[in-house]
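So the chains spell out like this:
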Amino acid sequence: MAAENEKKSSSAVSDMGAWAMNVISSVGIIMANKQLMSSSGFAFSFATTLTGFHFALTALVGMVSNATGLSASKHVPMWELIWFSIVANVSIAAMNFSLMLNSVGFYQISKLSMIPVVCVMEWILHSKRYSREVKIAVVVVVVGVGICTVTDVKVNAKGFICACVAIFSSSLQQILIGSLQKKYSIGSFELLSKTAPIQALSLLVVGPLVDYLLSGKFIMNYSMSSGCFLFILLSSALAVFCNISQYLCIGRFSAVSFQVIGHMKTVCILTLGWVLFDSAMTFKNVAGMVVAIVGMVIYSWAMELEKQSNIAAAKALNSVKHSLSEEEFGLLKEGVETTQSKDVELGYTKG
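In this numbering scheme, every chain counts its residues from 1 along its sequence in written order. Per-residue local features of the predicted model are confined to residues with pLDDT of at least 70, and side-chain atom pairs are confined, for both listing and counting, to 80 or more; whole-chain, interface and lining totals are unaffected and use all residues. The side-chain figures draw on all heavy atoms in the structure; neither hydrogens nor water molecules are used.

In the nomenclature of an unreviewed UniProt entry, the protein corresponds to UDP-galactose transporter 2-like from the organism Camelina sativa. What UniProt records for the protein under Subcellular location (unreviewed entry) is the sentence "Membrane". UniProt positions are given in the numbering used here, feature names are shortened, and annotations may be inferred rather than shown by experiment.

*Asks:* I would appreciate a short explanation of the nonpolar core in the present structure.
*Replies:* Soluble globular proteins tend to pack their nonpolar side chains together in the buried interior. Residues belong to one nonpolar core when they are buried, are Ala, Val, Leu, Ile, Met, Phe, Trp, Tyr or Cys, and are joined through side-chain atoms within 4.5 Å. For every residue, the accessible area obtained with a 1.4 Å probe (protein chains only) is divided by the maximum for its type, and the residue is called buried under 20%, exposed over 50%, and partly exposed between those limits. The biggest cluster of nonpolar side chains holds 27 residues, and the ones touching the most others in it are Phe55, Phe84, Leu191 and Tyr247. Every helix listed is a DSSP run of H or I at least four residues long, and every strand listed is a run of E at least two residues long, numbered separately from the N terminus. Elements that contribute at least two residues to this core include exactly helix H2 (47-67), helix H3 (78-101), helix H5 (114-126), helix H7 (157-183), helix H8 (188-215) and helix H9 (226-252). It is H8 that provides the largest number of residues to this core, a total of 6 residues. Residue contacts are defined here by distance: any two heavy atoms, one from each residue, within 4.5 Å place the two residues in contact. Once residues within four sequence positions are removed from consideration, Phe84 is found in contact with Gln173, Leu176, Ile177, Leu180, Thr195, Gln199 and Tyr247. Listed in part, the 14 residues of the second largest apolar core include Ile115, Val141, Met296 and Ala302.

*Asks:* Sorry, what's going on with the confidence of the model for the protein here?
*Replies:* As a general rule, the predicted coordinates of low-pLDDT regions are not to be interpreted in detail. Per-residue confidence for the protein averages 76 on the pLDDT scale, and 72% of its residues sit at or above 70. Per-residue confidence from the predictor is reported as pLDDT, which spans 0 to 100. Segment residues 1-10: pLDDT under 50, and 0 contacts once partners within four positions in sequence are set aside and those in other chains are kept. For residues 338-351, every residue scores under 50 in pLDDT, and the model assigns this stretch 33 contacts once sequence neighbours within four places are set aside.

*Asks:* Would you explain a nonpolar patch on the surface in this entry?
*Replies:* Together, Met78, Trp79, Ile82, Trp83, Ile86, Val90, Phe160, Ile161 and Val165 give the surface a local cluster of nonpolar side chains, amounting to about 890 Å² of exposed area. Broken down by secondary-structure element, the contributors of at least two residues to the nonpolar patch are H3 and H7. With 6 residues, H3 is the single largest residue contributor to the nonpolar patch. You can see Trp79 is positioned in helix H3. Each patch is built from residues lacking any salt bridge and having more than 30% relative accessible area; the joining distance is 9 Å for like charges and 5 Å for nonpolar side chains (Val, Leu, Ile, Met, Phe, Trp, Tyr). Computed by Shrake-Rupley with a 1.4 Å probe, the accessible areas treat only the displayed protein chains as cover when residues are assessed. Salt bridges are counted wherever a side-chain nitrogen of Lys or Arg sits within 4 Å of a carboxyl oxygen of Asp or Glu.

Written as structure tokens, this is what we have:
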């Protein structure tokens, strides 16, 4: 019993560690990129190429890890890796175009809409169903983040199309991270080590053209300073931790959980912007953050409730197994699973 409790405690700590790594590294990247890309900083306005640098360093770390035996390499078909990389790169480019063509308000709305889109796509692709508590939590989080981030909302036809492509591809990418890990029994870092080189190569080739279309500037004409180079290295190093933690979180939980808890980053960014950069903090911002945090607490409670329910059901089946024959237990288990598939459940995948 003590060993079981210790195992649960260790798992909870590692889960919190994964979330903390993702939040800290994501917020760190945004702060570093703000200095790197703003006109008051180094004016390095080549976001897509910078993402290529991020994945290049991530790929290098993965290759070193494989070469030294710190991680194992498992087989994943090349066509699956290429398909994933295409979806991920389309997501990056479409997000950048969406931000350029739409107002910041509509861009934030498109990012918030990813949560219900992920829910629908997981229902279509994996037959996942969600409890009423989870649906309420998702609505509260979306409303809260919307209150504190959405201001002016302007949209045009091209911007709307780019936003739709960005939402669809980003949602599909996050679902694919989890499904590939389960399908090939591969760890988060091992999968990242396989996809990062493909993404790095493609983004470094296509990135300069995309950035030229976005900013009208070509990276070869940029005058690189030592300070800018150091911030690119810092941004890329933080991206390694961000990429690893993203794969880790989605592998451990789900794409929906990653989206919901991921909005904690929005709260952190707004708070740090107020503390470090003297950004305006209005009552509307504070109220929105409070609502979002309440939604995240409700979501965490709903997740724990569902987990305890599943554990109790598993223990009940296990105790019944000892008092029934193997054939009788098989028939009972089949009946229970049939009943469960009709119920609305959180994170339950029908096989």
